[in-house]
Structures are given as structure tokens and as C-alpha cells.
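One-letter residues, chain by chain:
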Amino acid sequence: MVSANKEMVVYCFDTLLAHYNSEEAALPAFDDGQHPLFVTWKKVVNGGEPRLRGCIGTLEACRLINGFKDYALTSALRDRRFPPIQAKELPSLECTVSILTDYETANNYLDWEVGKHGIIIEFVDDYNTRRTATYLPEVPAHEGWTNVEAIDSLIRKAGFSGPITESLRKRIKLTRYQSTLFTMHYSDYVSHVKATRGAAPSIAGAKLGNQ
């Protein structure tokens, strides 16, 4: 089984820098394969709690190299919840890559474990609209939610604004999955690039922080 690793995060940073420089990112140092994946960007300000800046991925298996290339940019620039990440934010960024594994159909909406499973819900609401949404495994645990609180939040994330009833919850088809992830801050990325390539990354001729 392929696990998330440092080189995958390095490739996401490489891809974002290459975008700002209108270049192509160097080929990554990990083997290609096919897995569902997500790329998450967070911003760390004044040593505080990292704040989400973008998180997009695919629940369907895709080629890892193309997938990380596409979703590194999509999550950084086209997550509709946030303005696009600007180059000047790079020194404050951390990136997490997730590879999703072990998909299982749950028996009911409570048949999953907080901190272990990511969840995908699918349901048809009272207006006959099909809705779906997912949380990665770390989200409910980070928020301190119970199973029911996570489900109710996910129902809202799916776009349903009506009353959440037990009958609605029982209509949910839930798929649970697990993931491996790897997180790296920009400063660690800079150190890695300097150590392996002999020079710090730069944008449009201007050196960026953490030199």
C-alpha cells in the first residue's frame, strides 16, 4: 500500500511555486500509482493554530503525480470558500497530503470511529435532491465532535439547510475510509530544497523567507 510521504508534499509546494513562476514543476521523487487523494493548505500566523486556506481532492482513484499536481493548485487557488492563495503567503503555509484507503460501506450513520475513519455521506433530502459530502479522518477529531455532531455538520456541508431529524440521518448511506497523511511547513520545504538541490526556492527572481 502506498502511504503519504514527504516527497508528495514537496511536489505540491514545487507545483505551487512553479505556478507563480509560470514554469513546470520538476518531476517528483515518488512512484506513480492510483489512489484517491486530498491536498490541504493551512496558514500559520504568529505561531497560532493553523487556519484552513484550501482543501480539495478526489474520492475516486487517480494517478498520484497528476492528482497531486492538479489538486495542489485547485485547493490553493480554486477552493470557493477562500480567496486564492497569493505568493506572499507561502512562508506562512503548511501543506498536508492525504491518501485514502480501505473504503467500506457502513451499516448505518453511526458505524464509524472518530479519529480513525473519514466518512462520505450520501442522502436524498426532503426535496428529492441528492446530496453528498465528506470529512477526512482528522476533521471530526480536531473539532472534538461526537459521531452525531460530525454527521449533522456534514449534512450542512452537503448544502442541506432544513431541519435535521433522526429520520433524515437514517436515510444516509455512509461510506467510511482511512487515510495516511504527511504534513510539512514551508520552512521545512525550504530546508529540504536547499539540502537536496543546493539552493533555496525563489519566486520571480525574489528569494522567499527562511533562508
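Our structure is the block above this text.
Bear in mind that the values here come from a model prediction, so they are computed numbers and not experimental data.

Student: I would appreciate a short explanation of the overall build of the chain in the present structure.
Tutor: Counting its secondary structure elements, the chain contains 6 helices and 8 strands. Summarising its shape, the C-alpha atoms of the chain cover approximately 60 × 35 × 30 Å along the three principal directions. Across the 211 residues that make up the chain, the buried fraction comes to 46%. Summarising the internal contacts of the chain: among those between residues at least 6 apart in sequence, 71% fall at separations of at least 24. Within the chain, one finds 24 positive and 25 negative side-chain charges whose respective centroids are separated by 4 Å.

Student: Looking at this structure, how should I read unusual backbone geometry?
Tutor: Among all residues save glycine, negative phi is the norm, and among peptide bonds the norm is trans. The backbone of Ser-22 sits at a positive phi, close to 55 degrees, despite the residue not being glycine. Considering the arrangement of structural elements, one finds Ser-22 in the loop between helix H1 (6–20) and strand S1 (34–43). Exposure remark for Ser-22: the relative accessible area of 71% places this residue in the exposed category. Positive phi, close to 55 degrees, is recorded for Asp-102, a residue that is not glycine.

Student: Got a minute to help me understand the sheet that holds strand S5 (residues 130–135) in this structure?
Tutor: Hydrogen bonding along the main chain pairs the strands of a sheet, whether they run parallel or antiparallel. Pairing within the open sheet is antiparallel, and its 6 strands lie in the order S2-S1-S3-S6-S4-S5. Strands with a single pairing partner mark the edges of an open sheet, and in this sheet they are strand S2 (51–63) and S5. Mean inter-strand twist for the sheet, computed between neighbouring axes without regard to direction, equals 25 degrees. Strand direction decides the pairing type here: strand S4 (residues 118–124) and strand S6 (residues 173–185), joined by 5 bridges, are antiparallel. Bridging from a neighbouring strand, Ile-121 pairs with Leu-174 of S6. Its contacts with the sheet put helix H4 (residues 147–157) on S4, S5 and S6, and the angle it makes with S5 is roughly 125 degrees.

Student: Would you explain the packing of aromatic side chains in this entry?
Tutor: Pairs of aromatic rings are described using the distance from one ring centre to the other and the angle between the two planes. Scanning the model with the defined rule gives 9 aromatic pairs in all. Relative to Tyr-186, the ring of Phe-13 lies with its centre 5.8 Å away and its plane at 65 degrees, an arrangement referred to as edge-to-face. Residue Phe-13 is found in helix H1, and its partner Tyr-186 is found in helix H6 (residues 186–197); the two are separated by 173 residues along the sequence. Like Phe-13, the residue Tyr-186 is buried in the burial classification. Plain terms: the ring middles of Phe-123 and Phe-160 are 6.2 Å apart, the flat faces sit at 90 degrees to each other, and that makes the pair edge-to-face. Here Phe-123, found in strand S4, pairs with Phe-160, found in the loop between H4 and helix H5 (166–170); they are 37 residues apart in sequence, far enough to count as distant. By relative accessible area, which is 2% here, Phe-160 ends up buried. An aromatic cluster is built from Phe-13, Trp-41, Tyr-186 and Tyr-189, whose rings are joined through pairwise contacts.

Student: Teacher, can you tell me more about the environment of Asp-102 here?
Tutor: Looking at where Asp-102 falls in the secondary structure, it is placed in strand S3 (residues 93–105). For Asp-102, a relative accessible area of 43% puts it in the partly exposed group. In this view, Asp-102 contacts Arg-176, Tyr-177 and Gln-178; residues no more than four positions away in its chain are not counted. Polar contacts involving the side chain of Asp-102 include one to the side chain of Thr-101, which spans 3.1 Å.

Student: Looking at this structure, I do not really get H1. What am I missing?
Tutor: Because an α-helix completes one turn every 3.6 residues, residues spaced three or four positions apart along the sequence face the same direction. For H1, built from 15 residues, the straight-helix expectation of 21 Å at 1.5 Å per residue is met to within 8% by its first-to-last C-alpha distance of 22 Å. Most of H1 is tucked away, with 12 of its 15 residues classed as buried. Buried within H1 are the following residues: Met-8, Val-9, Val-10, Tyr-11, Cys-12, Phe-13, Asp-14, Thr-15, Leu-16, Leu-17, Ala-18 and Tyr-20. Directly after H1, the chain includes Ser-22, whose backbone phi takes a positive value near 55 degrees.

Criteria and thresholds
Residues numbered from 1 in each chain as written. Predicted model: local features only at pLDDT ≥ 70, side-chain atom pairs only at ≥ 80, totals over all residues. Heavy atoms only, no water. Helix = DSSP H or I, 4+ residues; strand = E, 2+ residues; numbered from the N terminus. Buried < 20%, exposed > 50% of the residue type's maximum accessible area, 1.4 Å probe, protein only. Contact = heavy atoms within 4.5 Å. Lys, Arg positive; Asp, Glu negative; His and termini not counted. Charge placed at Lys NZ, Arg CZ, Asp CG, Glu CD. Pairing = 2+ DSSP bridges. Axes fitted to C-alpha atoms, helices over the stretch in contact; angles between N-to-C directions. Phe/Tyr/Trp six-rings, centres within 6.5 Å; stacked < 30°, edge-to-face > 60°. Polar contact = N/O pair within 3.5 Å; in protein donor to acceptor, adjacent residues only side chain to side chain. Expected span 1.5 Å × (residues − 1).

Read these as geometric descriptors, not functional statements.
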